[in-house]
Amino acid sequence: QVQLVESGGGLVQAGGSLRLSCAASGRFFSINRMGWYRQAPGKQRELVARITTGGTENYADSVKGRFTISRDNAKNTVYLQMNSLKPEDTAVYYCNADGVRIGPGKYDYWGQGTQVTVSS
(Lines give C-alpha, C1' and ligand atoms only; values in the text may rest on other atoms or scores of the structure.)
Protein backbone atom coordinates (compact mmCIF):
# COMPACT_ATOMS: atom_id res chain seq x y z
CA GLN A 1 0.00 0.00 0.00
CA VAL A 2 2.82 2.41 0.83
CA GLN A 3 6.26 2.90 -0.61
CA LEU A 4 8.95 5.19 0.81
CA VAL A 5 11.64 6.36 -1.57
CA GLU A 6 14.74 8.07 -0.20
CA SER A 7 17.21 10.20 -2.09
CA GLY A 8 20.08 12.57 -1.42
CA GLY A 9 22.69 10.32 0.14
CA GLY A 10 26.27 10.29 -0.98
CA LEU A 11 29.89 10.93 -0.11
CA VAL A 12 30.88 14.21 1.51
CA GLN A 13 33.87 15.56 3.40
CA ALA A 14 33.70 16.42 7.08
CA GLY A 15 32.08 19.79 7.57
CA GLY A 16 29.99 19.47 4.45
CA SER A 17 26.25 19.20 3.98
CA LEU A 18 23.69 16.86 2.48
CA ARG A 19 19.93 16.99 2.16
CA LEU A 20 17.91 13.78 2.30
CA SER A 21 14.39 13.45 0.95
CA CYS A 22 11.78 10.76 1.45
CA ALA A 23 8.51 10.64 -0.45
CA ALA A 24 5.64 8.38 0.55
CA SER A 25 3.36 7.10 -2.17
CA GLY A 26 0.41 4.75 -2.25
CA ARG A 27 -3.09 4.56 -0.91
CA PHE A 28 -3.42 5.75 2.67
CA PHE A 29 -5.43 8.27 4.62
CA SER A 30 -2.66 9.94 6.59
CA ILE A 31 0.74 9.49 8.24
CA ASN A 32 1.05 10.52 11.86
CA ARG A 33 4.83 10.77 12.10
CA MET A 34 7.74 10.58 9.71
CA GLY A 35 11.37 10.35 10.60
CA TRP A 36 14.88 9.26 9.87
CA TYR A 37 16.86 6.46 11.48
CA ARG A 38 20.42 5.40 10.80
CA GLN A 39 22.58 2.38 11.31
CA ALA A 40 26.35 2.70 11.37
CA PRO A 41 28.72 -0.25 10.95
CA GLY A 42 28.77 -2.37 14.09
CA LYS A 43 26.10 -0.30 15.83
CA GLN A 44 22.40 -0.50 16.56
CA ARG A 45 19.86 1.38 14.52
CA GLU A 46 19.12 4.72 16.13
CA LEU A 47 16.65 7.52 15.76
CA VAL A 48 18.08 10.61 14.10
CA ALA A 49 15.03 12.87 13.87
CA ARG A 50 11.27 12.67 13.51
CA ILE A 51 8.39 15.04 12.99
CA THR A 52 4.63 14.80 13.45
CA THR A 53 1.91 16.17 11.21
CA GLY A 54 1.60 19.04 13.67
CA GLY A 55 5.27 19.93 13.30
CA THR A 56 6.61 18.60 16.60
CA GLU A 57 10.26 17.70 16.13
CA ASN A 58 12.57 15.35 18.00
CA TYR A 59 16.31 14.94 17.51
CA ALA A 60 19.04 12.72 18.77
CA ASP A 61 21.40 14.66 21.02
CA SER A 62 24.28 13.91 18.68
CA VAL A 63 22.69 15.84 15.80
CA LYS A 64 20.98 18.74 17.58
CA GLY A 65 22.02 22.04 16.10
CA ARG A 66 23.40 20.40 12.98
CA PHE A 67 20.44 18.55 11.44
CA THR A 68 16.99 19.92 10.68
CA ILE A 69 13.95 17.84 9.83
CA SER A 70 11.00 19.23 7.91
CA ARG A 71 7.84 17.87 6.35
CA ASP A 72 5.45 18.74 3.57
CA ASN A 73 2.19 17.09 4.59
CA ALA A 74 0.50 17.81 1.26
CA LYS A 75 3.28 15.97 -0.57
CA ASN A 76 3.79 13.31 2.11
CA THR A 77 7.47 14.09 1.99
CA VAL A 78 10.02 14.46 4.77
CA TYR A 79 13.43 16.09 4.50
CA LEU A 80 16.59 16.02 6.55
CA GLN A 81 19.06 18.85 6.13
CA MET A 82 22.42 17.73 7.47
CA ASN A 83 25.08 20.36 8.10
CA SER A 84 28.51 20.22 9.69
CA LEU A 85 28.73 16.53 8.96
CA LYS A 86 31.15 14.41 10.94
CA PRO A 87 32.71 11.03 10.14
CA GLU A 88 30.60 9.51 12.91
CA ASP A 89 27.50 10.45 10.92
CA THR A 90 28.44 7.80 8.38
CA ALA A 91 25.60 5.29 8.20
CA VAL A 92 22.74 3.98 6.15
CA TYR A 93 19.84 6.35 6.68
CA TYR A 94 16.32 4.92 6.64
CA CYS A 95 13.10 6.79 6.21
CA ASN A 96 10.25 5.73 8.49
CA ALA A 97 6.53 6.42 8.32
CA ASP A 98 4.86 5.74 11.65
CA GLY A 99 1.12 5.49 12.16
CA VAL A 100 0.10 5.19 8.53
CA ARG A 101 -3.68 5.04 8.47
CA ILE A 102 -5.09 2.56 5.96
CA GLY A 103 -8.74 1.75 6.48
CA PRO A 104 -9.32 0.98 10.17
CA GLY A 105 -5.69 0.20 10.96
CA LYS A 106 -2.36 1.92 11.50
CA TYR A 107 0.88 0.61 10.06
CA ASP A 108 4.60 1.37 9.94
CA TYR A 109 6.67 1.47 6.77
CA TRP A 110 10.37 1.71 6.04
CA GLY A 111 12.37 2.87 3.07
CA GLN A 112 15.21 0.89 1.55
CA GLY A 113 17.85 3.22 2.96
CA THR A 114 20.38 5.61 1.50
CA GLN A 115 24.10 5.57 2.25
CA VAL A 116 25.73 8.64 3.78
CA THR A 117 29.51 8.56 4.00
CA VAL A 118 31.50 11.36 5.61
CA SER A 119 35.24 11.32 5.06
CA SER A 120 37.85 12.88 7.36
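Residues numbered from 1 in each chain as written. Predicted model: local features only at pLDDT ≥ 70, side-chain atom pairs only at ≥ 80, totals over all residues. Heavy atoms only, no water.

Asks: Teacher, can you tell me more about the state of the cysteines here?
Replies: Note: disulfide means a covalent bond formed between the sulfur atoms of two cysteine side chains. The full count for this structure, using the stated rule, is 1 disulfide. Two residues, Cys22 and Cys95, share a disulfide whose sulfurs are 2.0 Å apart. Disulfide Cys22-Cys95: the torsion about the S-S bond is -85°, which places it as left-handed. With Cys22 in strand 3 (residues 18-26) and Cys95 in strand 9 (residues 91-102), this pair connects stretches of sequence that are 73 residues apart. When sorted by exposure, Cys22 lands in the same class as Cys95, which is buried. (Disulfide = S-S within 2.5 Å. Helix = DSSP H or I, 4+ residues; strand = E, 2+ residues; numbered from the N terminus. Buried < 20%, exposed > 50% of the residue type's maximum accessible area, 1.4 Å probe, protein only.)

Asks: Would you mind showing me how to read the packing of aromatic side chains here?
Replies: Aromatic ring pairs are defined here through the distance separating the ring centres and the angle between the ring planes. Counted by the stated rule, this structure contains 1 aromatic pair. The residue whose ring lies beneath Arg45 is Tyr37, and the NZ or CZ to ring-centre distance is 5.3 Å. (Phe/Tyr/Trp six-rings, centres within 6.5 Å; stacked < 30°, edge-to-face > 60°. Lys NZ or Arg CZ within 6 Å of the ring centre and 35° of its normal.)

Asks: Looking at this model, I keep getting lost on the pairing of strand 4 (residues 30-39). Mind explaining?
Replies: Look at any regular strand and the pattern is simple: side chains alternate between the two faces of the sheet. One ladder, built from 9 bridges, connects strand 4 with strand 9; its direction is antiparallel. Directly across from Trp36, in strand 9, lies its bridge partner Cys95. Here strand 4 runs beside strand 5 (residues 46-52); their pairing, made up of 6 bridges, is antiparallel. In the sheet register, Met34 faces strand 5, and the bridge partner there is Ile51. With antiparallel pairing between neighbouring strands as the criterion, strand 4 and strand 5 make up a hairpin whose turn holds 6 residues, including Gly42 at a positive phi of roughly 75°. (Pairing = 2+ DSSP bridges.)

Asks: Got a minute to help me understand the environment of Ser62 in this structure?
Replies: When you line up the elements, Ser62 lands in the loop between strand 6 (57-59) and strand 7 (67-72). In the structure, Ser62 is positioned 35 residues away from Ala97 in sequence and 22 Å away in space, judged by C-alpha atoms.

Asks: I would appreciate a short explanation of the pattern of salt bridges in the present structure.
Replies: Where charged atoms of side chains with opposite charge meet at close range, the side chains can pair. Applying the stated criterion across every chain, the model contains 5 salt bridges. The partner of Arg33 in a salt bridge is Asp98, and the shortest N-O contact between them spans 2.7 Å. Highlighted residues: Arg33 in strand 4 and Asp98 in strand 9, separated in sequence by 65 residues. In this structure Arg33 comes out as partly exposed when scored by relative accessible area, which is 24%. Residues joined by salt bridges that share partners form a network here, namely Arg38, Glu46, Arg66 and Asp89. (Salt bridge = Lys/Arg side-chain N within 4 Å of Asp/Glu carboxyl O.)

Asks: For this particular structure, what's the right way to read unusual backbone geometry?
Replies: Leaving glycine aside, a negative phi is the common case for residues, and trans is the common case for peptide bonds. Within the chain, Asn76 stands out as a residue other than glycine whose phi angle is a positive 50°. With respect to the helices and strands, Asn76 occurs in the loop between strand 7 and strand 8 (77-82). Phi angles above zero are rare outside glycine, and Ser84 is one such case at about 50°. A relative accessible area of 40% places Ser84 in the partly exposed class.

Purely geometric numbers; function is a separate question.
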